[in-house]
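# Inside the fold
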Amino acid sequence: MKTQVGIIGAGPSGLLLSHLLHLQGIDSIIIESRSQDYVIGRVRAGVLEQGTVDVLKESGLGTRLEKEGLEHHGIELLFDGIARRIDFPSLTDGKAVTVYGQKEVVKDLIAARQAADAKLFFEAKASKIEGLAEGKPVIHFEKDGEQHTITCDYIAGCDGFHGISRKAIPDEILTVFEREYPFGWLGILAEAAPSSEELIYANTSEGFALHSMRSPTVTRNYIQCAPDDDIKNWTDDQIWETLNRRFQRNGESFHLNTGNIFEKGITAMRSFVTEPMRYEKLFLVGDAAHIVPPTGAKGMNLAISDVRVLAKALTDLYHDGSEEGIDTYSEKCLRRTWLVTRFSWWMTSMLHKFPQDDAFGHKIQVAQLDYATASLAAQTTLAENYVGLPLDL
Ligand code: FAS
Ligand code: PHB
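What counts, and at which threshold
Residues numbered from 1 in each chain as written. Chains lettered and ligands numbered in written order. Predicted model: local features only at pLDDT ≥ 70, side-chain atom pairs only at ≥ 80, totals over all residues. Heavy atoms only, no water. Near = heavy atom within 4 Å. Polar contact = N/O pair within 3.5 Å; in protein donor to acceptor, adjacent residues only side chain to side chain. Helix = DSSP H or I, 4+ residues; strand = E, 2+ residues; numbered from the N terminus. Domains from an automatic or database assignment. 1 Å grid on protein atoms, 1.4 Å probe; cavity = no way out; pocket = protein on both sides within 12 Å on 5 of 7 lines; lining within 4 Å. Points joined across faces, edges and corners; volume = space filled by probe spheres on them. Nonpolar A, V, L, I, M, F, W, Y, C, P; charged D, E, K, R; others polar. Phe/Tyr/Trp six-rings, centres within 6.5 Å; stacked < 30°, edge-to-face > 60°. Buried < 20%, exposed > 50% of the residue type's maximum accessible area, 1.4 Å probe, protein only. Lys NZ or Arg CZ within 6 Å of the ring centre and 35° of its normal. Contact = heavy atoms within 4.5 Å. Areas by Shrake-Rupley, 256 points an atom, 1.4 Å probe, with all protein chains shown as cover. Pairing = 2+ DSSP bridges. Core = buried A, V, L, I, M, F, W, Y, C linked by side-chain atoms within 4.5 Å. Axes fitted to C-alpha atoms, helices over the stretch in contact; angles between N-to-C directions. Salt bridge = Lys/Arg side-chain N within 4 Å of Asp/Glu carboxyl O. Buried area = accessible area lost by both parts, 1.4 Å probe.

### Quick word on the site of ligand 2
Not every one of the 14 residues close to ligand 2 is listed here, only the nearest: Y201, S212, R214, Y222 and P294. Within the backbone of A297, an N or O atom sits 3.3 Å from an oxygen atom of ligand 2. If you list the elements that add at least two residues to the shell around ligand 2, you get β13 (199–204), β14 (207–215) and β15 (218–225). For the shell around ligand 2, the element with the most residues is β14, which contributes 3 residues. In terms of domain composition, the shell around ligand 2 takes at least three residues from each of domain 1 (2–46 + 101–174 + 276–351) and domain 2 (181–269 + 353–387).

In structure tokens, the structure reads:
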């Protein structure tokens, strides 16, 4: 097979890139190792930045998002029993975030690509990338037991943290920056109305908890747990009891709605950045290049900002012959990646219980949270990062 842009991976990165290129008349082929049902079934991100919402709506993917997305104008930070709200619109010139699950975004993208008769192949696993040094990129993949190749002008490695793209960059060129956190997140989806209108990020003496949601009838909650914890160690009652304890606050009663937990799992937490994000005619996009702890609700949003930069760069190249965009792709995306990595690290450091932390360490965290929610300048800093920094900061 032959195409202009070969895309490995049909997560948010690969699907949105293919969609945006299609709108510009640029041909792509997407290969995805998993089945369509598996890709759609994955439960991951929940919060869309303003910029993510804008690019989805501007590219014709806003119908369900407008109907089912929940616009949120703030979050609550809870620490030492003190609950304080950060308002977004008043601190960010009217911006907000939208709660709309990643699986809904992926569903909408797959539907749009299939409606456009895209060359989107599921259960097609890329095994090798060749020809980069010679300027003639070829993707080798297997489907239905047969070997195939895709000859392309450029390759977008949208294959996530465990994909093959990053490994196609020679070791002597690639630099990896990584920090593993000494905890994980136990996440649940339950048939229960959210217990609060907005998200609650709680720092407690026993650990972090997050209250989120997916719809007026489905709540999404997280508990900090040991990094090597096993979901089998947790009964549903223990999960609800822990959440209820961690969301209590001084001077007011908090009622946690409970219900049938229909999805639960444990996610490891790491910060991970690869430099550079381009090698010859291969571009790394999204989780293939970087991972952030989900405390700042940034993972998918950062992936989508990579896509916005690369789609514009490839459009300028194919339409006007300008290479300026592809030549600055890595530098531009890495700047934003580090800004987002810093914010996600900061939120994670401020809100979680670290095993090595003593009473002094907890007091410093409380002071950080007190300042972040009491000072207008500090609230503005948190709000402008949470709703999403401008692409051209
Ligand atoms: P993805 O990992 O989504 O997609 C990569 C795709 O490439 C996958 O479908 C994979 O099957 C495919 N692939 C891999 N190797 C391949 C090969 N050799 N050939 C073909 N295909 C291949 N972000 C948040 O903002 N909030 C959250 O709460 C949150 N929770 C998360 C929980 C988990 C368990 C994980 C893993 C991530 C979470 N994230 C969260 C981050 C997540 O949302 C990512 O940022 C987002 O999926 C990034 O999208 P992609 O870059 O498309 O990568
Ligand atoms: C979610 O709803 O899944 C979610 C929300 C905010 C986060 C992380 C996850 O910071």
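### What to know about the layout of surface pockets
Its volume calculated, the second largest pocket comes out at about 490 Å³. Taken together, 21 residues line the second largest pocket, and the ones lying closest to its centre are R308, V309, A311, K312 and L391. Secondary structure elements with two or more residues in the lining of the second largest pocket: α1 (12–23), α3 (50–58), α7 (299–320) and α8 (324–351). In terms of residue class, the lining of the second largest pocket is built from 7 nonpolar, 6 polar and 8 charged.

### Describing the packing of aromatic side chains
Under the defined criterion, the tally for this structure stands at 14 aromatic pairs. Taking the centre distance of 5.3 Å and the plane angle of 85° together, the rings of F177 and W338 count as edge-to-face. Separated by 161 residues along the polypeptide, F177 in strand β12 (residues 175–191) and W338 in helix α8 bring together distant segments of the chain. A relative accessible area of 33% means that F177 is categorised as partly exposed. Among the aromatic side chains, those forming a connected cluster through ring pairs are F88, W185, Y201, F208, Y222 and Y386. Against the face of Y38 rests R34, its NZ or CZ located 4.1 Å from the ring centre. A cation over an aromatic ring shows up here: K298 above the ring of Y386, its NZ or CZ 5.6 Å from the ring centre.

### A look at the environment of H148
Checked against the element boundaries, H148 lands in strand β11 (residues 146–157). When its relative accessible area of 28% is taken as the criterion, H148 is described as partly exposed. In sequence terms H148 and K136 are 12 residues apart; their C-alpha atoms lie 16 Å from each other. Other than its neighbours up to four places away in sequence, H148 contacts I139, H140, F141 and K143.

### Details of the site of ligand 1
The full set close to ligand 1 counts 31 residues, and S13, E32, R42, R44 and Q102 are the nearest of them. Within the backbone of S33, one N or O atom sits 3.1 Å away from a nitrogen atom of ligand 1. Backbone polar atom of M300 to an oxygen atom of ligand 1: 3.1 Å apart, as the coordinates give it. For ligand 1, whose unbound accessible area comes to 990 Å², protein coverage reaches 86%. Contributions of two or more residues to the shell around ligand 1 are made by α1, β9 (124–130) and α7.

### Points about the sheet that holds strand β4 (residues 70–72)
Sheet strands line up and pair through hydrogen bonds in the backbone, either parallel or antiparallel. The strand order across the open sheet built from 3 strands is β3-β7-β4, with neighbouring strands paired in antiparallel fashion. With partners counted over all chains shown, the strands left at the sheet margins are β3 (47–48) and β4, one partner each.

### As for the environment of G51
Here G51 lies in helix α3. In the structure, G51 is positioned 339 residues away from P390 in sequence and 7.8 Å away in space, judged by C-alpha atoms.

### Let's talk about the nonpolar core
L16, L17 and L314 are the most contacted members of the largest nonpolar core, which totals 63 residues. The dominant element in this core, judged by the number of residues it contributes, is α7, at 9 residues. Filtering out sequence-adjacent residues up to four positions away, L17 remains in contact with I7, A156, C158, V307, L310 and A311. Formed by 33 residues, the second largest nonpolar core is a distinct cluster that contains I86, F88, M347 and L369.

### Quick word on the sheet that holds strand β16 (residues 260–275)
With mixed pairing, the 8 strands of this open sheet are ordered in space as β6-β5-β13-β14-β15-β12-β16-β19. In this open sheet, the two edge strands, each paired with only one partner strand, are β6 (82–87) and β19 (290–291). Bridge analysis of strand β5 (residues 74–79) against β13 gives 5 bridges, and the strand direction is parallel. Across the sheet, residue I75 finds its bridge partner in β13, namely L199. Against the sheet, α8 engages β12, β13, β14, β16 and β19, with an angle of about 130° to β16.

### Considerations on the pattern of salt bridges
Side-chain pairs of opposite charge can arise where the charged atoms are in close proximity. In total, this model carries 21 salt bridges according to the counting rule given. D87 serves as the salt-bridge partner of R85, at 3.0 Å between the closest nitrogen and oxygen. The class of R85 is partly exposed, set by a relative accessible area of 39%. Note that D236 is salt-bridged to K264, the shortest N-O span being 2.7 Å. With D236 in helix α6 (residues 236–246) and K264 in strand β16, this residue pair connects regions lying 28 residues apart in the sequence. Relative accessible area serves as the criterion here: at 29%, D236 is assigned to the partly exposed category.

### As for the domain arrangement of the protein
The assigned domain composition of the protein is domain 1 (2–46 + 101–174 + 276–351) and domain 2 (181–269 + 353–387). Once you take the C-alpha centre of each, domain 1 and domain 2 turn out to be 30 Å apart. Listed per partner, the contact involves 20 residues of domain 1 and 22 residues of domain 2. Regarding the contact of domain 1 and domain 2, the summed buried area is about 1900 Å², with carbon and sulfur atoms giving 66% of it. One can count 0 salt bridges joining domain 1 with domain 2. Connecting domain 1 to domain 2 are 6 residue pairs in polar contact (both at pLDDT 80 or more). In terms of residue class, the side of domain 1 that touches domain 2 is built from 11 nonpolar, 6 polar and 3 charged.

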